[in-house]
Amino acid sequence: MSLAVRVIPCLDVDAGRVVKGVNFADLRDAGDPVELAHRYNSAGADELTFLDVTASTAERETTYEVVTRTAEEVFIPLTVGGGVRSVDDVDRLLKVGADKASINTAAVARPAVINEIVARFGNQVLVLSADVRRSDQTPSGYEVTTHGGRRGTGIDALDWCREASERGVGEILLNSIDADGTQDGFDTEMIAAVRAVTTVPLIASGGAGAPEHFPPAVEAGADAVLAASMFHFGPADMIARVKDALRQAGHPVR
């Protein structure tokens, strides 16, 4: 029996409000994070991901107060990322109610931080957020970016996902910068390429615009599917519609 595919709404938070843009730019307001979290919890979301989208760029900490209020409202796993740089940051997030921490920019700068966090808390707590764009500068054609997709690194994304897996990261959240917010569908080619180099659970992110976009992401190798725009701005039963589409395509859902 294969594991149920997890459906995960993503709350991109900036200055205490949920925002959503296209290709990580032109952000527009999508509401109050605590209200949205409560709504998604009631609507059947399997998990929630909460990303402070400007924490790394502004070089500040994530908004613990909003995380605390969100954790009080939801009873499904809550992953928090944005500005996570150390074992202490993860410790603090877990104490205010997060179940998992997501790391990107700090891990690229100092990969050993993955080993340190996993050694302290176990791999189930750590999600590698890989913001990846297509690039002819790397052997695989995929490049890792940092600072909310704003800075290229020259690092090959497949090499990085492989290394992070070997260092013990529990999951990889694979964000397609090129597909982000376009609502044209997930980058299934990228998902398949990353699936080929790692066995850790893979969360597909970037590009979802309709329920029928989700089964191809799972068929390409995703264990979970994440979206923002279509849940924030779509009909209230969108999570149920996505699960129906997955179920009809033969994928188990909760």
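Owing to the predicted nature of the structure, the values given are computational and were not obtained by experimental measurement. (Residues numbered from 1 in each chain as written. Predicted model: local features only at pLDDT ≥ 70, side-chain atom pairs only at ≥ 80, totals over all residues. Heavy atoms only, no water.)

Chemist: What should I look at first to understand the overall build of the protein chain in this one?
Modeler: The secondary structure content of the protein chain amounts to ten helices and twelve strands. Rg of the C-alpha trace for the protein chain: 16 Å, near the compact-globule value of 18 Å for 254 residues, within the 12% margin. Considering only C-alpha atoms, the protein chain reaches an extent of 40 × 40 × 40 Å along its principal axes. Taking the intrachain contacts of the protein chain between residues at least 6 apart in sequence as the baseline, contacts between residues at least 24 apart amount to 64%. As displayed, the protein chain offers around 10,200 Å² of accessible surface, 49% of which is attributable to carbon and sulfur atoms. In the protein chain, 24 positive and 37 negative side-chain charges are present, and the distance between their average locations comes to 2 Å. (Helix = DSSP H or I, 4+ residues; strand = E, 2+ residues; numbered from the N terminus. Rg over C-alpha atoms; globule rule 2.2 N^0.38 Å. Contact = heavy atoms within 4.5 Å. Areas by Shrake-Rupley, 256 points an atom, 1.4 Å probe, with all protein chains shown as cover. Lys, Arg positive; Asp, Glu negative; His and termini not counted. Charge placed at Lys NZ, Arg CZ, Asp CG, Glu CD.)

Chemist: Is there a simple way to think about the packing of aromatic side chains in this case?
Modeler: Aromatic ring pairs are described here by two measures, namely the spacing of the ring centres and the angle between the planes. In the structure shown here, the tally under the stated rule is three aromatic pairs. A ring pair is formed by Phe 186 and Phe 214, whose centres lie 5.3 Å apart and whose planes are at 80 degrees; its orientation type is edge-to-face. Remark: Phe 214 occurs in helix 8 (residues 214–219) and Phe 186 occurs in the loop between strand 10 (171–176) and helix 7 (188–195); sequence separation between them is 28 residues. By the burial criterion, Phe 186 is buried, and Phe 214 matches it. Geometrically, the ring pair formed by Phe 214 and Phe 231 is tilted, given 6.4 Å between the ring centres and 35 degrees between the ring planes. Of this pair, Phe 214 sits in helix 8 while Phe 231 is found in helix 9 (residues 229–233), placing the two residues 17 residues apart along the sequence. (Phe/Tyr/Trp six-rings, centres within 6.5 Å; stacked < 30°, edge-to-face > 60°. Buried < 20%, exposed > 50% of the residue type's maximum accessible area, 1.4 Å probe, protein only.)

Chemist: Quick question: what am I supposed to make of helix 5 (residues 112–121) here?
Modeler: Residues spaced three or four apart along an α-helix face the same direction, because each turn holds 3.6 residues. Turning to helix 5, its buried residues number three or more, namely Val 113, Ile 114, Ile 117, Val 118 and Phe 121. On an axial view of helix 5, the arc spanned by its buried residues comes to 130 degrees, and they lie on one face. Considering only its buried residues, helix 5 is in contact with helix 3 (87–95), strand 6 (100–103), helix 4 (105–109), strand 7 (126–134) and helix 6 (157–167). (Arc of directions from axis to C-beta.)

Chemist: Looking at this structure, how should I read the layout of surface pockets?
Modeler: Gaps left between atoms show up when a probe the size of a water molecule is rolled over them. Taken as a whole, the second largest pocket spans an internal volume of roughly 250 Å³. Taken together, 13 residues make up the lining of the second largest pocket; nearest its centre are Leu 3, Ala 4, Val 5, Arg 6 and Asp 223. (1 Å grid on protein atoms, 1.4 Å probe; cavity = no way out; pocket = protein on both sides within 12 Å on 5 of 7 lines; lining within 4 Å. Points joined across faces, edges and corners; volume = space filled by probe spheres on them.)

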